[in-house]
Amino acid sequence: MTSRKLVGLGPKNMFRRSTPSFESASMEHLVLERAHERAEDVLAERIQESDFVGVYREKEIEADKEEVARRKLRAEKGQTKEKEELKKTADVFEAIVLEQGELSKWFGEYGYTIGASEYDDWINGIDLLVEFRQPNLPEAPLLALGIDVTFSIDVTDKFDRVRKQIEDGSLAKIKYFSSEHSTEKGPRDNLPEVIVGVSAKTVNELQELWLGRDQMAIEQHRIQIMILMEIKEQLLTFIEYSCSLNDKRLAGIFENRLEIVEKLLGKKNDIYLKVANELEGDPVFRAITEYMREWRRIIKKSQEKQKQIEETEENKPLTLKESAEVQRGLVVASRLQLSDWIPRYGVKFRRMVDGDPTIREMVRNDREGALREITRRLYGGETKSAV
């Protein structure tokens, strides 16, 4: 009886069950190390601060590089093995987007990817830039990307910086910008920023294709649709949020990039149809797109509430005090006694203020203007205004 209870539970069997998991983890680690080694080569091609001598003083550039080194050191202190591997996975994804975004035309025929400098990565939170350069057009709109690989589906804090930028009326900026299509070098501001996020599982799948150099599979991979749809959902939300804050300038910038992205999605419709059922399988993609839709619902609800408040305010009658103060001014302007004014103009005055929300708003916000307007309407050419 004792031996029957112990069947399958001895050390030998326990070790045998755990071995595949251990081997699998070891293999995943080796694959990640290989991918990260290649990623470092790709990311080495990013913008280099040292190329900006002449644009900035050497001492300023050195100070920027020292600040990056300090931040890197702080980030590495106390870093767990799990966080270290997640950082390497994020680097791999960033490198794949930087290389394949252009090579596999994920951002279209005229979309060029640029790796931001380490300074702009660590200080300004910008990993990549996409330059949309159409032939024969002088301007090349830029889109700033923040790359995020996470096991978490709580994305709220990831958009706090972008939300604050919109509220402050200013967008992302970079200090070190250069492009192979232009001789101009230096800072750029008013860059619309979006966050591209995927799960580590999706990156693991993508990195196998990347290491295997399966270019055809990469060119058709769902990741390009996920990226463009995440960008589209964010731009739609940022447009609505900017409009809710009456910032038409920012809304216009976001609308410009949205038009580009929607055209790209239209051209990739055949790929979308093939992968549409797979998109929601990535929990981070789902979290980002759902968060954007919820943000838009909140904006709409807030606007509807504000409209109700405004409509209620417009329909609210004048208080006795407001009415009496306006009436007193009208009586003075008419040069009549109150006993003569009331039977002659009282009813007309009441109908005017009860029936015209514009007049009530003027009474509340511009008393002198309201007196002039009511005087004009009540008296016409009968008497000269005294206000």
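Refer to the structure presented above.
Before going into details, it helps to say that this report is about the structure given with it.

Describing the environment of I271
Right, on to step 1. Position of I271 relative to the elements: it lies in helix α11 (residues 269–275).
Right, on to step 2. I271 sits in the buried class, given a relative accessible area of 7%.
Right, on to step 3. In sequence terms I271 and I225 are 46 residues apart; their C-alpha atoms lie 7.8 Å from each other.

Topic: the packing of aromatic side chains
Right, on to step 1. Applying the stated criterion to the full structure yields twelve aromatic pairs.
Right, on to step 2. Geometrically, the ring pair formed by F52 and Y56 is stacked, given 6.4 Å between the ring centres and 25 degrees between the ring planes. Accessibility assignment for this pair places F52 and Y56 in one class, buried.
Right, on to step 3. Relative to Y345, the ring of W341 lies with its centre 6.1 Å away and its plane at 40 degrees, an arrangement referred to as tilted. One end of the pair, W341, and the other, Y345, are both in helix α14 (residues 338–355), four residues apart, so they sit about a helical turn from each other.
Right, on to step 4. Through a chain of ring-to-ring contacts, the aromatic side chains of F159, F238, Y241, F254, Y291 and W295 assemble into a single cluster.
Right, on to step 5. In this structure, R38 packs its charged tip against the face of W210, placed 4.1 Å from the ring centre.

Let's talk about the side chain of D64
Right, on to step 1. Position of D64 relative to the elements: it lies in helix α3 (residues 58–76).
Right, on to step 2. A residue is classified by how much of its surface remains accessible, and D64, at 9% relative accessible area, is buried.
Right, on to step 3. The residues contacting D64, other than those within four sequence positions of it, are Y119, K175 and Y176.

Observations concerning α14
Right, on to step 1. Its axis deflected by about 55 degrees at Y345, α14 carries its strongest bend there.
Right, on to step 2. Buried-residue contacts for α14 involve α13 (320–334), α15 (357–365) and α16 (367–379).

What about unusual backbone geometry?
A negative phi angle is the norm for most residues apart from glycine, just as the trans form is the norm for most peptide bonds.
Right, on to step 1. The backbone of K105 shows a phi angle near 55 degrees, a positive value even though the residue is not glycine.
Right, on to step 2. Turning to its location among the elements, K105 is positioned in the loop between α4 (81–103) and β1 (111–115).
Right, on to step 3. Of note in this structure, N246 is not a glycine but carries a positive phi near 60 degrees.

Here's the deal with the side chain of D91
Right, on to step 1. You can see D91 is positioned in helix α4.
Right, on to step 2. Beyond its immediate chain neighbours, meaning those up to four positions away, D91 contacts H36, A39 and L43.

Observations regarding a negative patch on the surface
Right, on to step 1. Together, E37, E40, D41 and E45 give the surface a local cluster of negative charge.
Right, on to step 2. Summarising the element assignment, E37 is placed in helix α2 (residues 11–43).
Right, on to step 3. Residue classification places E37 among the exposed positions, given a relative accessible area of 55%.

What to know about the layout of surface pockets
Right, on to step 1. Of the voids in this model, the largest pocket is the one considered here, and its volume is about 1,300 Å³.
Right, on to step 2. In terms of lining residues, the largest pocket is bounded by 37 residues, among which K87, D91, D121, W122 and D127 are the most central.
Right, on to step 3. When contributions to the lining of the largest pocket are tallied by element, the ones reaching two or more residues are α2, α3, α4, α5 (118–122), β3 (142–149) and β6 (193–198).
Right, on to step 4. For the lining of the largest pocket, the element with the highest residue contribution is α4, accounting for eight residues.
Right, on to step 5. Looking at the lining of the largest pocket residue by residue, the classes come out as eleven nonpolar, six polar and 20 charged.
Right, on to step 6. As a volume, the second largest pocket reaches approximately 860 Å³.
Right, on to step 7. Lining of the second largest pocket is provided by 36 residues; of these, F132, R133, Q134, P141 and I260 occupy positions nearest its centre.
Right, on to step 8. With eight residues, helix α10 (residues 248–267) is the single largest residue contributor to the lining of the second largest pocket.
Right, on to step 9. In terms of residue class, the lining of the second largest pocket is made up of 13 nonpolar, nine polar and 14 charged.

Digging into the nonpolar core
Right, on to step 1. By size, the foremost hydrophobic cluster in this structure holds 64 residues, and its most contacted members are F93, F107 and I231.
Right, on to step 2. If you tally residues by element for this core, the top one is helix α9 (residues 223–244), at eleven residues.

Regarding the pattern of salt bridges
Right, on to step 1. Applying the stated criterion to the full structure yields 28 salt bridges.
Right, on to step 2. Across the salt bridge formed by K164 and D168, the nearest N and O atoms sit 2.8 Å from each other. Linking K164 with D168, this pair stays in helix α6 (residues 160–168), spanning four residues, or about one helical turn.
Right, on to step 3. Between R364 and E322 there is a salt bridge whose closest N-O contact spans 3.7 Å. Of the two residues, R364 sits in helix α15 while E322 sits in helix α13, which places them 42 residues apart along the sequence.
Right, on to step 4. R364 gets classed as partly exposed once you look at its relative accessible area, which sits at 22%.
Right, on to step 5. The structure contains a network of salt bridges with shared partners spanning D356, E373, R376 and R377.

Some details on α13
Right, on to step 1. The end-to-end C-alpha distance of α13 is 21 Å, a good match for the 21 Å that 15 residues give at a rise of 1.5 Å each.
Right, on to step 2. On its buried face, α13 is in contact with α14, α15 and α16.
Right, on to step 3. Looking at the residues trailing α13, positive phi occurs at R335, about 60 degrees.

Definitions and limits used
Residues numbered from 1 in each chain as written. Predicted model: local features only at pLDDT ≥ 70, side-chain atom pairs only at ≥ 80, totals over all residues. Heavy atoms only, no water. Helix = DSSP H or I, 4+ residues; strand = E, 2+ residues; numbered from the N terminus. Buried < 20%, exposed > 50% of the residue type's maximum accessible area, 1.4 Å probe, protein only. Phe/Tyr/Trp six-rings, centres within 6.5 Å; stacked < 30°, edge-to-face > 60°. Lys NZ or Arg CZ within 6 Å of the ring centre and 35° of its normal. Contact = heavy atoms within 4.5 Å. Bend = angle between axes of the 7 residues up to and from the residue. Patch = residues over 30% accessible without salt bridge, like charges linked within 9 Å, V, L, I, M, F, W, Y side chains within 5 Å. Areas by Shrake-Rupley, 256 points an atom, 1.4 Å probe, with all protein chains shown as cover. Salt bridge = Lys/Arg side-chain N within 4 Å of Asp/Glu carboxyl O. Lys, Arg positive; Asp, Glu negative; His and termini not counted. Charge placed at Lys NZ, Arg CZ, Asp CG, Glu CD. 1 Å grid on protein atoms, 1.4 Å probe; cavity = no way out; pocket = protein on both sides within 12 Å on 5 of 7 lines; lining within 4 Å. Points joined across faces, edges and corners; volume = space filled by probe spheres on them. Nonpolar A, V, L, I, M, F, W, Y, C, P; charged D, E, K, R; others polar. Core = buried A, V, L, I, M, F, W, Y, C linked by side-chain atoms within 4.5 Å. Expected span 1.5 Å × (residues − 1).

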